[in-house]
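# Summary of structural features
Here is how the chains run, residue by residue.
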Amino acid sequence: GEVLVELRGLKTHFFTDEGTVRAVDGVDLEIRRGRTLCVVGESGCGKSITARSILQLVEAPGRVVDGRILLRRGGADGGPGEVVDLAGLKPGGKEIRSVRGKDIAMIFQEPMTSLSLVHTVGNQMVEAIRVHNDVGKREARERAVELLGMVNIPNPGRLVDSYPFQFSGGMRQRVMIAMALSCDPGLLIADEPTTALDVTTQAQIMELLKRLQRELGMAIMFITHDMGVVAEMADDVAIMYLGKVVEKGPVDDIFHDPKHPYTRALLESIPKIGHRRRERLRSIKGIVPDPANRPAGCVFHTRCDAFMPGRCDATVPPPVALGPDRQVRCLLYGGDGGPAPGAPDAQT
Ligand code: SF4
Ligand code: MG
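In this text, all values refer to a predicted model and were calculated from it rather than measured experimentally. Once a new chain begins, its residue numbering starts again from 1 and follows that chain's sequence as written. Written order decides the labels, with chains lettered from A and ligands numbered from 1. The predicted nature of this model means local features are confined to residues of pLDDT at least 70 and side-chain atom pairs, given and counted, to a pLDDT of 80 or more, with totals for whole chains, interfaces and linings taken over all residues.

Here we take up the overall build of the protein. A count of helical and extended segments in the protein gives ten helices and twelve strands. Note that the radius of gyration is over C-alpha atoms, with the globule rule given as 2.2 Å times the number of residues to the power 0.38. Relative to the compact-globule value of 20 Å for 348 residues, the protein shows a C-alpha radius of gyration of 21 Å, a close match. The principal-axis extents of the C-alpha atoms in the protein amount to approximately 70 × 50 × 45 Å. For the protein, restricting intrachain contacts to residue pairs at least 6 apart in sequence, the fraction spanning at least 24 positions comes to 61%. Helix numbering and strand numbering both begin at the N terminus, where a helix is a DSSP run of H or I of at least 4 residues and a strand a DSSP run of E of at least 2. For every residue pair, C-beta atoms are placed from the backbone, and the pair is scored as a contact if these atoms sit within 7 Å.

Paired strands, as defined in this entry, are two strands with at least two bridges between them according to DSSP. Strand order in the open sheet formed by four strands is E2-E1-E4-E5, with antiparallel pairing between adjacent strands. With one partner strand each, in any of the chains shown, strand E2 (19-32) and strand E5 (82-85) form the two edges of the open sheet. Ignoring which end each strand starts from, the neighbouring axes of this sheet average 10° apart. The pairing of strand E1 (residues 3-16) with E2 spans ten bridges and is antiparallel. Looking across to E2, one finds that Thr12 is bridged to Val24. The angle between two axes is taken between their N-to-C directions and runs from 0 to 180 degrees, where each axis is a line fitted to C-alpha atoms and a helix contributes only its stretch in contact.

On to the site of ligand 1, then. The rule is simple: place the C-beta atom from the backbone, and if it lies within 6 Å of a molecule or strand, the residue is near it. Taken together, 14 residues are adjacent to ligand 1, and Cys298, His301, Cys304, Cys312 and Cys330 come closest. Following the grouping adopted for this structure description, the nonpolar residues are Ala, Val, Leu, Ile, Met, Phe, Trp, Tyr, Cys and Pro, the charged ones are Asp, Glu, Lys and Arg, and the polar ones are all others, Gly among them. Looking at the shell around ligand 1 residue by residue, the classes come out as twelve nonpolar, two polar and no charged.

A few words on the sheet that holds strand E10 (residues 244-250). Within the open sheet, the eight strands sit side by side as E6-E7-E8-E3-E9-E10-E12-E11. Their pairing is mixed. With one partner strand each, in any of the chains shown, strand E6 (104-107) and strand E11 (320-323) form the two edges of the open sheet. If you compare each strand with its neighbour and ignore which way they point, the axes differ by 20° on average. The pairing of strand E7 (residues 187-191) with strand E8 (residues 219-224) spans five bridges and is classified as parallel. Paired with Asp191 across the strands is Ile223, a residue of E8. Lying on the sheet, helix H10 (residues 261-268) is in contact with strand E3 (36-40), strand E9 (236-241) and E10; it crosses E9 at an angle near 105°.

Relative to strand E12 (residues 326-328), E11 is paired through three bridges, and the arrangement is antiparallel. Across the sheet, Ala321 pairs through a bridge with Gln327, a residue of E12.

Before going further, it helps to spend a moment on the nonpolar core. Formed by 89 residues in total, the largest nonpolar core has its most connected members in Leu187, Met221 and Ile239. Residue assignment places this core across two domains, with domain 1 (3-103 + 185-328) and domain 2 (110-184) each supplying three or more. If we skip the residues at most four places from it in the chain, Ile239 touches Val40, Gly41, Val245, Val246, Glu247, Lys248, His260, Tyr262, Thr263 and Leu266. Residues of type Ala, Val, Leu, Ile, Met, Phe, Trp, Tyr and Cys that are buried and joined through C-beta atoms within 7 Å form what is called a nonpolar core. Residue burial is a threshold on neighbouring C-beta atoms within 10 Å of the residue's own C-beta, all placed from the backbone, with 20 or more meaning buried, 12 or fewer meaning exposed, and counts in between meaning partly exposed. Here the bounds of each domain stem from an automatic or database domain assignment.

Frequently, the measure chosen for interface size is the accessible area that the parts lose on association. Domain boundaries assigned for the protein yield domain 1 (3-103 + 185-328) and domain 2 (110-184). Between domain 1 and domain 2, the C-alpha centre-to-centre distance is 28 Å. Between domain 1 and domain 2, the contact holds 13 residues from the first and 15 residues from the second. With six residues, the single largest contributor to the side of domain 1 that touches domain 2 is helix H7 (residues 199-216).

Our focus in this paragraph is the environment of Pro61. When you line up the elements, Pro61 lands in the loop between helix H1 (47-54) and strand E4 (62-73). Sequence separation of Pro61 and Phe15 is 46 residues, and the distance between their C-alpha atoms is 5.3 Å.

And the structure:
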């Protein structure tokens, strides 16, 4: 599919008393029209900051310091279209606010943080709809009811007048999705939208997002730490570690032919059917290092099973293309294009 949003060399840093934290450290990503990109990694790897950077939602002391965030607008129906660099727009300015909700909408893990407690769901939706569309209150309200129906809120004509606290967690997430859809965005960014929900509700929300994507054709950037969710949702996958994309590619390649030792470790940590979460076959050793104290060379070297002393702690792995949409950053790969000696698939 055609690339809708493209991140090139994105850097988002936090300027703290203890020094500069490179939360996002040169990220290249492609989000394609009508497809789902899952961005996966443990917490603290820069997934949320990457997503927030796209909409200029990073709060001080953080800020986008370098790179491009290219949004392709229009052109889908044969028109000329235009490319906007969102990184160049003023945070809080009129232009980025018009992108938010209209071109790109975002939902979060905890819907209550973005819903007002003192207004009915309907009034909040009417307001959101009217920010971007020149419609009257009545028409906006009809649209709100229609959207609540689309996300399977029962009896939407009545529940439109309820307050957010009257809904369960899963229903609130549906309301958030309905609000996000109110301006028909080309891209929905979903930051761990199912993490706080029980397993059944989680599955329902994932089904809902997939159905809406089929019906509306929107792209989804889905952020998660859970490879099980990736298997369910992704068309494309990007694995992040300490502010870098260490591997990316189509979901089948990532699951059937993972290259980066971090990707392999994440896959081995998926709980198997019949096991409880605590009985994972293997968990990744160690913890994500403090982003303020990044390891030299390959940022994963302190936890890597394939660590090569003198190389991995000295050289930053460059991106190596393994195919048109497939890339890895690990010193086991590259050079002549084939796997280096000692690479997991070098054996003949
Ligand atoms: Fe492991 Fe070295 Fe590859 Fe980093 S570069 S992932 S430390 S083998
Ligand atoms: Mg996060």
